[in-house]
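# Geometric and topological summary
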Amino acid sequence: MSMTSGVLSVWRRPWLVNFCFFWLPPLLLTAGIFILAGDLGSTSKFRLPVIILQFLLPSLSMSEIVWISDILRKVAHFLVYGLLLIGYARAWHWHIRMKPLPAIVLALMICLAVSAADEARQALHRSRSGCPQDVALDMSGALAAAGVMYPLLRRGRRDQPKSEL
């Protein structure tokens, strides 16, 4: 690995290291979404948030704990799809060297496909309910992340001339 203008150049690393650095995080996050989209991620099976909330807030009733848990699940949807967009946009832009806008649009399309597949899979389980509102929530997280990522990607790499972006 070499240093160019004080910035580590990732393009001189072996292919497998580049793959792991750029593509493994969003692919693992996608796999995690699909694992939790099944029965395993249902409120009745995945009780950890409820248990933690009961421990932290013992004075609340069970209905209040479940309500807070539901809100936290929605916040998690928003944040996870924001992270998913960041992961894919980063990989498309930095590894494949795609321009910022196409990288973000492609990452948004991937997020939409993952979200739609996630909700479709949830609809197949009795313990889950896949709904279009969750797709909208997921995409709002991805769009918020896109709004943050686009200016950052447009700034360009410090060790690459602007003409190559």
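Figured I'd write up the structure that's included with this text. (Residues numbered from 1 in each chain as written. Predicted model: local features only at pLDDT ≥ 70, side-chain atom pairs only at ≥ 80, totals over all residues. Heavy atoms only, no water.)

Another aspect to go through is unusual backbone geometry. Despite not being glycine, Arg-97 shows a phi value in the positive range, around 65°. Assignment of secondary structure puts Arg-97 in the loop between α4 (62–95) and α5 (100–123). Since its relative accessible area comes to 44%, Arg-97 is described here as partly exposed. (Helix = DSSP H or I, 4+ residues; strand = E, 2+ residues; numbered from the N terminus. Buried < 20%, exposed > 50% of the residue type's maximum accessible area, 1.4 Å probe, protein only.)

Each pocket or cavity is described by its volume, and for the largest pocket that value is around 420 Å³. Along its surface, the largest pocket is lined by 18 residues, and Leu-36, Arg-73, Ala-76, His-77 and Val-80 are the ones closest to its centre. Elements that contribute at least two residues to the lining of the largest pocket include exactly α2 (24–37), α4 and α5. With seven residues, α4 is the single largest residue contributor to the lining of the largest pocket. Split by residue class, the lining of the largest pocket holds 10 nonpolar, five polar and three charged. (1 Å grid on protein atoms, 1.4 Å probe; cavity = no way out; pocket = protein on both sides within 12 Å on 5 of 7 lines; lining within 4 Å. Points joined across faces, edges and corners; volume = space filled by probe spheres on them. Nonpolar A, V, L, I, M, F, W, Y, C, P; charged D, E, K, R; others polar.)

With that out of the way, let us pick up the side chain of Thr-30. Of note, Thr-30 is situated in helix α2. With residues near it in sequence (within four places) discarded, Thr-30 still touches Leu-84, Tyr-88 and Val-114. (Contact = heavy atoms within 4.5 Å.)

The next subject is the packing of aromatic side chains. Going through the model one piece at a time under the given rule, you end up with three aromatic pairs. Ring geometry for Phe-21 and Phe-22: centres 4.9 Å apart, planes at 85°, overall edge-to-face. Classification of Phe-21 by relative accessible area gives partly exposed; the value is 36%. Look at Trp-23 and Trp-92: their rings are 4.9 Å apart centre to centre, the planes differ by 85°, and that puts the pair in the edge-to-face class. Of this pair, Trp-23 sits in the loop between α1 (15–22) and α2 while Trp-92 is found in helix α4, placing the two residues 69 residues apart along the sequence. Assigned by exposure class, Trp-23 and Trp-92 land together as buried. Of the aromatic side chains, those joined through ring pairs into one cluster are Trp-23, Tyr-88 and Trp-92. (Phe/Tyr/Trp six-rings, centres within 6.5 Å; stacked < 30°, edge-to-face > 60°.)

Running from N to C, α2 and α5 cross one another at 20°; their axes reach a closest spacing of 9 Å. As the angle between them shows, α2 and α5 are arranged roughly parallel. Taken as a pair, α2 and α5 cross one another with a handedness that is right-handed. Contacts between α2 and α5 pair Thr-30, Ile-33, Phe-34, Ile-35 and Ala-37 from the former with Val-114, Ala-117, Asp-118, Arg-121 and Gln-122 from the latter. (Axes fitted to C-alpha atoms, helices over the stretch in contact; angles between N-to-C directions. Parallel < 35°, antiparallel > 145°, perpendicular 65-115°, else oblique. Left-handed = near helix turned anticlockwise from the far one by under 90°.)

Limitation: the analysis is restricted to geometry and does not speak to function.
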